[in-house]
Each structure stands twice: as C-alpha cells, then as structure tokens.
Amino acid sequence: QVQLVESGGGLVQAGGSLRLSCAPNKSLFRINAMGWYRQAPGKQRELVATLTSYGSTNYADFVKGRFTISRDNARTTTYLQMNSLKSEDTAVYYCHVVARLSTLASEIDYWGQGTQVTVSS
C-alpha cells in the first residue's frame, strides 16, 4: 500500500523557517501533481501550494512570497520551504499527491498523515 511519508514539522518562533518534505514509500508510475494543504484547529483544510508535473506552481494568497514548493530531480519528493512564519501559519500540514500506478490506471489521490507546524509569537 502506498503511503506518503512527511517530515520536517515542529515548533518555531515567528519569523523563522521550516522545510517540510514528503515522499511516497513505494514507486509510483507517474506523479501528476503534488501539493500541500493545512488544517488549523476548528477550521477546514485549505490549499497551501501545488506543483504539477510540468512544473507549474500555485500558491494560496496568504503564503505568496513566503512559501516555496519544489521537488527533487527524481520528481518523487516534494518540499515546502516556509519562511517568515507567522502564528497564523500554525496548523497540521498535509502532503497530497495525484498519481497513476500504471499507464491505463486511473488517477489516485494520496494523502500524508500530517505534520504539525507550530509558530510561537
């Protein structure tokens, strides 16, 4: 069973930086998109950033200029570099991957287990 393994969360002071990473525990035939979402207590999960297989990126307005999504050369690991962190960035961050297991297979959505990011003011 494919699982997304996340790492990099933690506690940081406001203005600091963290880098999250996410990779599948098994090889996927084709990854079509990668992304990061977050969910704060009492709030709905929201999009943070996405990265397509073509390299196109999309960011939520509240992270533009502060967060950067990227991937490794093998295009299997995705990163979220978070700079100038604010207390309102405190949330559980989830990795999301859309992939196919073979040429004829349908796309499947995979989610990471979530990693806690806490920004102290």
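Just above, that's the structure.
Residues numbered from 1 in each chain as written. Predicted model: local features only at pLDDT ≥ 70, side-chain atom pairs only at ≥ 80, totals over all residues. Heavy atoms only, no water.

Q: How should I be thinking about the environment of Asp 109 in this particular structure?
A: With respect to the element layout, Asp 109 can be found in strand 10 (residues 108–111). In sequence terms Asp 109 and Leu 47 are 62 residues apart; their C-alpha atoms lie 15 Å from each other. Setting aside chain neighbours within four positions, we find Asp 109 in contact with His 96, Val 97 and Val 98. At a separation of 2.6 Å, a polar atom in the side chain of Asp 109 contacts the side chain of His 96. (Helix = DSSP H or I, 4+ residues; strand = E, 2+ residues; numbered from the N terminus. Contact = heavy atoms within 4.5 Å. Polar contact = N/O pair within 3.5 Å; in protein donor to acceptor, adjacent residues only side chain to side chain.)

Q: Can you walk me through the state of the cysteines in this structure?
A: Chemically, a disulfide is nothing more than a covalent bond linking the sulfur atoms of two cysteines. For the structure on display, the rule yields one disulfide. Paired through a disulfide, Cys 22 and Cys 95 show a sulfur-sulfur distance of 2.0 Å. One disulfide, between Cys 22 and Cys 95, carries an S-S torsion of -80 degrees and so falls in the left-handed class. In this pair, Cys 22 sits in strand 3 (residues 18–24) while Cys 95 sits in strand 9 (residues 91–100), placing the two residues 73 residues apart along the sequence. Each member of the pair, Cys 22 as well as Cys 95, is classed as buried. (Disulfide = S-S within 2.5 Å. Buried < 20%, exposed > 50% of the residue type's maximum accessible area, 1.4 Å probe, protein only.)

Q: Explain the pattern of salt bridges here, please?
A: With the rule as written, the count across this model stands at four salt bridges. In this structure, the salt-bridge partner of Arg 38 is Asp 89, at a minimum N-O distance of 2.9 Å. Here Asp 89 lies in the loop between strand 8 (78–82) and strand 9 and Arg 38 lies in strand 4 (residues 30–39), a separation of 51 residues in the sequence. Given the relative accessible area of 6%, Arg 38 is considered buried. (Salt bridge = Lys/Arg side-chain N within 4 Å of Asp/Glu carboxyl O.)

Q: Honestly, the packing of aromatic side chains in this entry has me stumped. Any pointers?
A: The way to describe two aromatic rings as a pair is by their centre distance and the angle between their planes. Counted under the stated rule, the structure contains one aromatic pair. Ring plane angle 65 degrees and centroid distance 5.1 Å describe the contact between Tyr 37 and Trp 111, whose orientation is recorded as edge-to-face. Of this pair, Tyr 37 sits in strand 4 while Trp 111 sits in strand 10, and the two are 74 residues apart along the sequence. Classification of Trp 111 as partly exposed rests on a relative accessible area of 38%. Above the plane of the ring of Tyr 79 lies Arg 19, whose end atom (NZ or CZ) is 4.2 Å from the centre. The aromatic ring of Tyr 94 is capped on one face by Arg 45, whose charged end is 3.7 Å from the ring centroid. (Phe/Tyr/Trp six-rings, centres within 6.5 Å; stacked < 30°, edge-to-face > 60°. Lys NZ or Arg CZ within 6 Å of the ring centre and 35° of its normal.)

Q: I'm lost on the side chain of His 96 in this one. Help?
A: Within the element layout of this structure, His 96 appears in strand 9. Accessibility expressed as a relative area gives 10% for His 96, which makes it buried. The residues touching His 96, leaving out its near neighbours within four places in the chain, are Leu 4, Ala 33, Met 34, Gly 35, Tyr 37, Asp 109, Tyr 110 and Trp 111.

Q: I would appreciate a short explanation of the nonpolar core in the present structure.
A: Across soluble globular proteins, nonpolar side chains have a tendency to be buried as a group. Counting residues in each nonpolar core, the largest one holds 30 residues, and the members touching the most others are Trp 36, Val 48, Phe 67, Leu 80, Met 82, Tyr 93 and Val 97. Those elements giving two or more residues to this core turn out to be strand 3, strand 4, strand 5 (46–52), strand 7 (67–71), strand 8, strand 9 and strand 11 (115–120). At five residues, strand 9 tops the list of elements feeding residues into this core. (Core = buried A, V, L, I, M, F, W, Y, C linked by side-chain atoms within 4.5 Å.)

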